[in-house]
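Geometric and topological summary
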Amino acid sequence: MSLEYPQDLRYLDTHEYVRLEGEIATIGITAFAVDQLGDIVFLELPEIGDAVTKGEKIGTIESVKAVEDLNSPVTGTVIERNEEMIESPEQIAEDPYGEGWFIKVRVNDPSEIDDALTAQEYSAEVEG
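These figures come from a predicted structure and were not determined experimentally.

What counts, and at which threshold
Residues numbered from 1 in each chain as written. Predicted model: local features only at pLDDT ≥ 70, side-chain atom pairs only at ≥ 80, totals over all residues. Heavy atoms only, no water. UniProt positions renumbered as here; feature names shortened; annotations may be inferred. Buried < 20%, exposed > 50% of the residue type's maximum accessible area, 1.4 Å probe, protein only. Polar contact = N/O pair within 3.5 Å; in protein donor to acceptor, adjacent residues only side chain to side chain. Helix = DSSP H or I, 4+ residues; strand = E, 2+ residues; numbered from the N terminus. Pairing = 2+ DSSP bridges. Axes fitted to C-alpha atoms, helices over the stretch in contact; angles between N-to-C directions. Patch = residues over 30% accessible without salt bridge, like charges linked within 9 Å, V, L, I, M, F, W, Y side chains within 5 Å. Areas by Shrake-Rupley, 256 points an atom, 1.4 Å probe, with all protein chains shown as cover. Salt bridge = Lys/Arg side-chain N within 4 Å of Asp/Glu carboxyl O. Contact = heavy atoms within 4.5 Å.

Quick word on the UniProt feature "modified residue: N6-lipoyllysine" (unreviewed entry) in the protein chain
Taking the UniProt record as the reference, the feature "modified residue: N6-lipoyllysine" (unreviewed entry) is found at Lys-65. Accessibility expressed as a relative area gives 59% for Lys-65, which makes it exposed. In this structure the side chain of Lys-65 is engaged in a polar contact, spanning 3.1 Å, whose partner is the backbone oxygen of Gln-36.

Dropping the structure here:
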């Protein structure tokens with residue numbers, strides 16, 4: 001099975017991804033995580049204005065198979081959340097790296113993502 005891991009993203013070994021544009025980080029989960037979870041039925045995310053801390057829990061995602069914690073790859077403040085994915089979590093699987101993002105965070109320190117995995121490292125970890 002070959003899944004897509006966009007090169008412009010960084011990844012956590014807990015299957016979250018982060019796309020950093022300036023000081024705004026877009027966070028979601030990888031195609032691998034979606035594939036492992038199966039049918040996603042529930043998504044819990046922080047509220048706009050909430051502080052998030054790198055490595056700490058920011059919500060949960062639930063499928064018919066499992067409930068998994070979501071972890072933040074960055075420290076900062078939530079400035080946007082994807083209400084559409086909360087309302088219709090099954091849509092995450094259709095476009096996890098595009099329309100299926102979860103939250104946007106104004107990061108305190110953009111260099112925090114430097115120790116996240118590259119696409120190659122993440123791919124080797126999950127498929128190796």
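Looking at the UniProt feature "domain: Lipoyl-binding" (unreviewed entry) in the protein chain
UniProt's entry tags residues 24-106 with the feature "domain: Lipoyl-binding" (unreviewed entry), counted in the numbering of this structure. The distance from the first to the last C-alpha atom of residues 24-106 is 5 Å, and the span holds 14% helix and 42% strand.

Describing the sheet that holds strand β4 (residues 40-44)
If you walk across this open sheet you meet the three strands as β4-β6-β7, and the pairing is antiparallel. Whereas interior strands pair on both sides, the edge strands pair on one side only; in this sheet they are β4 and β7 (67-71). Across this sheet, the average inter-strand angle for adjacent strands is 20 degrees, counted without regard to direction. Across five bridges, strand β6 (residues 57-63) lies against β7 in antiparallel orientation. Paired with Thr-60 across the bridge in β7 is Asp-69.

Points about a nonpolar patch on the surface
Nonpolar side chains collect at one region of the surface, where Val-41, Phe-42 and Val-64 lie side by side and expose about 280 Å² of accessible area between them. Locating Val-64 in the fold gives a position in the loop between β6 and β7. Using a relative accessible area of 62% as the deciding quantity, one classes Val-64 as exposed.

Comments concerning the side chain of Thr-75
Inspection of the secondary structure puts Thr-75 in the loop between β7 and β8 (76-81). Assessed through its relative accessible area of 18%, Thr-75 is described here as buried. A distance of 2.9 Å separates the side chain of Thr-75 from the backbone nitrogen of Lys-54, its partner in a polar contact. Sequence-distant contacts of Thr-75, defined by excluding residues within four places in its chain, comprise Val-52, Thr-53, Lys-54, Arg-106, Val-107, Asn-108 and Glu-112.

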